[in-house]
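Listed below, chain by chain, are the residues.
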Amino acid sequence: DAGVIQSPRHEVTEMGQEVTLRCKPISGHDYLFWYRQTMMRGLELLIYFNNNVPIDDSGMPEDRFSAKMPNASFSTLKIQPSEPRDSAVYFCASSFSGQGAPGDTQYFGPGTRLTVL
Amino acid sequence: DQQVKQNSPSLSVQEGRISILNCDYTNSMFDYFLWYKKYPAEGPTFLISISSIKDKNEDGRFTVFLNKSAKHLSLHIVPSQPGDSAVYFCAASAVGNQFYFGTGTSLTVIP
C-alpha cells in the first residue's frame, strides 16, 4: 500500500482565499483523522471520521473550517476564508480499529504545509 | 489546555550515549500511551507503545517507561544513533477516545 496520501504538499495562498486539502487513507482503514501541527500546541486533532461519518469535530477551530468524507477513499478539509493564523502543517491519518484501542496505531500522511499570507 | 506535555523542546546527545525523552500527562483516565517519531517533511510514524497495565515496554534500542502515580512517561534510546535525530511526540488516550499529543521534542544525536 502507498500509505496515506495527501495533496498538495505545500500551499501558499492569500488571506481570504479558500483552501482545500485532500487526503486518501490507507485502503481498509475505517477511521480517518485530520490534525494540525503548530509549535505552540503540537498535534491537535481537528476532526475524525468512522466509516465516512464525522464522529467528533470539537477540535475544528471555527466555522471557517469544514471537512467531508464522501467515500472511504477520500476526504477534504476546507478553510474558507483562510487567515494568516491558519498557517500550519495539516496531517491526515488513518487507522484500522479506532482510537485508543490497545495495539492500534494511526498512520500519518506526509502533511500539507499551509502558508496564508 | 494541554493534557499531554513535553516540556523539553529540544535535546542533544552524543552518539552512543543514552537519550531520555520525557512526557507528562494530566488525565488519570489515560490508559494507553504511544511515542511517534517524525522526520522533516514526513508524517509522524509509530515507534512504541505501552498500556497502563505495564510499567515498561522494550523494543530493541527503545524502551518506554510509565510511572502512573507521577503521570509521567519516558522514552529511552540506547545507544543513540545519528539516524535517531528527529522530533518525538508522545500521545495518550483513554480507550475509545481520541489521542492527545504533546508538542514534541527535537532530538539531535551528534556523531
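You'll find the structure just up there.
Keep in mind it's a predicted model, so treat the numbers as computed, not measured. Sequence positions are assigned chain by chain, starting from 1 and proceeding in written order. Numbering of ligands from 1 and lettering of chains from A proceed in the order in which they are written. The predicted origin of the model limits local features to residues at a pLDDT of at least 70 and limits the giving and counting of side-chain atom pairs to 80 or more, whereas totals for whole chains, interfaces and linings rest on all residues. Only heavy atoms go into the side-chain values, all of them from the structure, while hydrogens and water stay out.

1. What to know about the overall build of chain A
Under the DSSP-based scheme used, a helix requires at least four consecutive residues in state H or I and a strand at least two consecutive residues in state E, with every element numbered from the N terminus. When helices and strands are counted, chain A shows 0 helices and 11 strands. Starting at the N terminus and walking to the C terminus, you meet the elements of chain A as β-β-β-β-β-β-β-β-β-β-β. It is over C-alpha atoms that the radius of gyration is taken, and the globule rule equals 2.2 Å times the number of residues to the power 0.38. Computed over the C-alpha atoms, the radius of gyration of chain A is 13 Å, within 12% of the 13 Å expected from 2.2 N^0.38 for a compact globule of 117 residues. Overall, chain A is about 40 × 25 × 25 Å in size when its C-alpha atoms are taken along their principal axes. Accessible area for chain A stands at about 5600 Å²; split by element, carbon and sulfur atoms hold 51% of it. In this tally, Lys and Arg are treated as positive and Asp and Glu as negative; His is ignored, and so are the chain termini. By convention, charge coordinates are those of NZ in Lys, CZ in Arg, CG in Asp, or CD in Glu. Averaging the coordinates of the 10 positive side-chain charges in chain A and doing the same for the 13 negative ones gives two points 4 Å apart. A 1.4 Å probe and the Shrake-Rupley method give the accessible areas. Residues count as covered only by the protein chains that appear here.

2. Some words on the interface of chain B and chain A
Taken together, the contacts link 22 residues of chain B with 22 residues of chain A. When the two sides are added together, the surface that chain B and chain A hide from each other amounts to roughly 1700 Å², 56% of it contributed by carbon and sulfur. Buried area counts how much accessible surface, traced with a 1.4 Å probe, disappears from two parts once they are put together, with both parts' losses summed. For chain B, the biggest contributors to the area lost against chain A are Gln98, Phe99 and Phe101 of chain B; these three give 29% of the whole. What makes a salt bridge here is a side-chain nitrogen of Lys or Arg within 4 Å of a carboxyl oxygen of Asp or Glu, nothing more. In this structure, the connection of chain B to chain A is made through 0 salt bridges. Any pair of N or O atoms that falls within 3.5 Å is considered a polar contact. Within protein, one atom must be able to donate a hydrogen and the other to accept it, and sequence-neighbouring residues count only if both atoms are side-chain atoms. The interface formed by chain B and chain A holds 3 residue pairs in polar contact (both at pLDDT 80 or more) in total. Looking at the side of chain B that touches chain A, the elements with two or more residues in it are β4 (32–38) and β9 (86–93) of chain B. When residues of the side of chain B that touches chain A are assigned to their parent elements, the largest contribution, 4 residues, is made by β4 of chain B. Throughout, the ten residues Ala, Val, Leu, Ile, Met, Phe, Trp, Tyr, Cys and Pro are labelled nonpolar, Asp, Glu, Lys and Arg are labelled charged, and all others, Gly among them, are labelled polar. In terms of residue class, the side of chain B that touches chain A is built from 11 nonpolar, 8 polar and 3 charged. The contact definition used throughout considers only heavy atoms, calling two residues in contact when any of these lie within 4.5 Å.

3. Thoughts on the sheet that holds strand β8 (residues 74–79) of chain A
All names here are of chain A. Ordered in space as β1-β3-β8-β7, the 4 strands form an open sheet in which the pairing is antiparallel. Each edge of the open sheet is held by one strand with a lone partner, namely β1 (5–7) and β7 (65–71). Along the sheet, successive strands turn relative to each other by an average axial angle of 15 degrees, direction set aside. As paired strands, strand β3 (residues 19–24) and β8 are joined by 5 bridges and run antiparallel to one another. Note that in β8 the partner of Val19 across the bridge is Ile79. Strands are treated as partners if at least two bridges between them are detected by DSSP. Axis definition: a line fit to C-alpha positions, over the contact stretch in the case of helices; interaxial angles, taken between N-to-C directions, run 0 to 180 degrees.

4. Brief notes about the sheet that holds strand β6 (residues 56–59) of chain B
The strands that make up a sheet pair up through hydrogen bonds in the backbone, lying either parallel or antiparallel. Residue and element names in this part refer to chain B. With antiparallel pairing, the 5 strands of this open sheet are ordered in space as β1-β3-β8-β7-β6. Looking at which strands have only one partner, the edges of the open sheet turn out to be β1 (4–5) and β6. Strand direction decides the pairing type here: β1 and strand β3 (residues 19–25), joined by 2 bridges, are antiparallel. Directly across from Val4, in β3, lies its bridge partner Tyr25.

5. Observations concerning the pattern of salt bridges
In this structure the tally under the stated criterion is 10 salt bridges over all chains. Note that Arg36 of chain A is salt-bridged to Glu44 of chain A, the shortest N-O span being 3.5 Å. A single burial state applies to Arg36 of chain A and to Glu44 of chain A, both of which are buried. A salt bridge links Arg61 of chain B to Asp84 of chain B; the nearest nitrogen and oxygen atoms lie 2.8 Å apart. In this pair, Arg61 of chain B sits in the loop between β6 and β7 (62–67) while Asp84 of chain B sits in the loop between β8 (72–77) and β9, placing the two residues 23 residues apart along the sequence. The exposure class assigned to Asp84 of chain B is buried, which follows from its relative accessible area of 2%. One salt-bridge network, in which partners are shared between bridges, spans Glu62, Arg64, Glu83, Arg85 and Asp86 of chain A. Per-residue accessibility, obtained with a 1.4 Å probe over protein chains only, is compared with the maximum for each type, and a residue is labelled buried under 20%, exposed over 50%, and partly exposed between these values.

Function-wise, these values are silent; they only describe arrangement.
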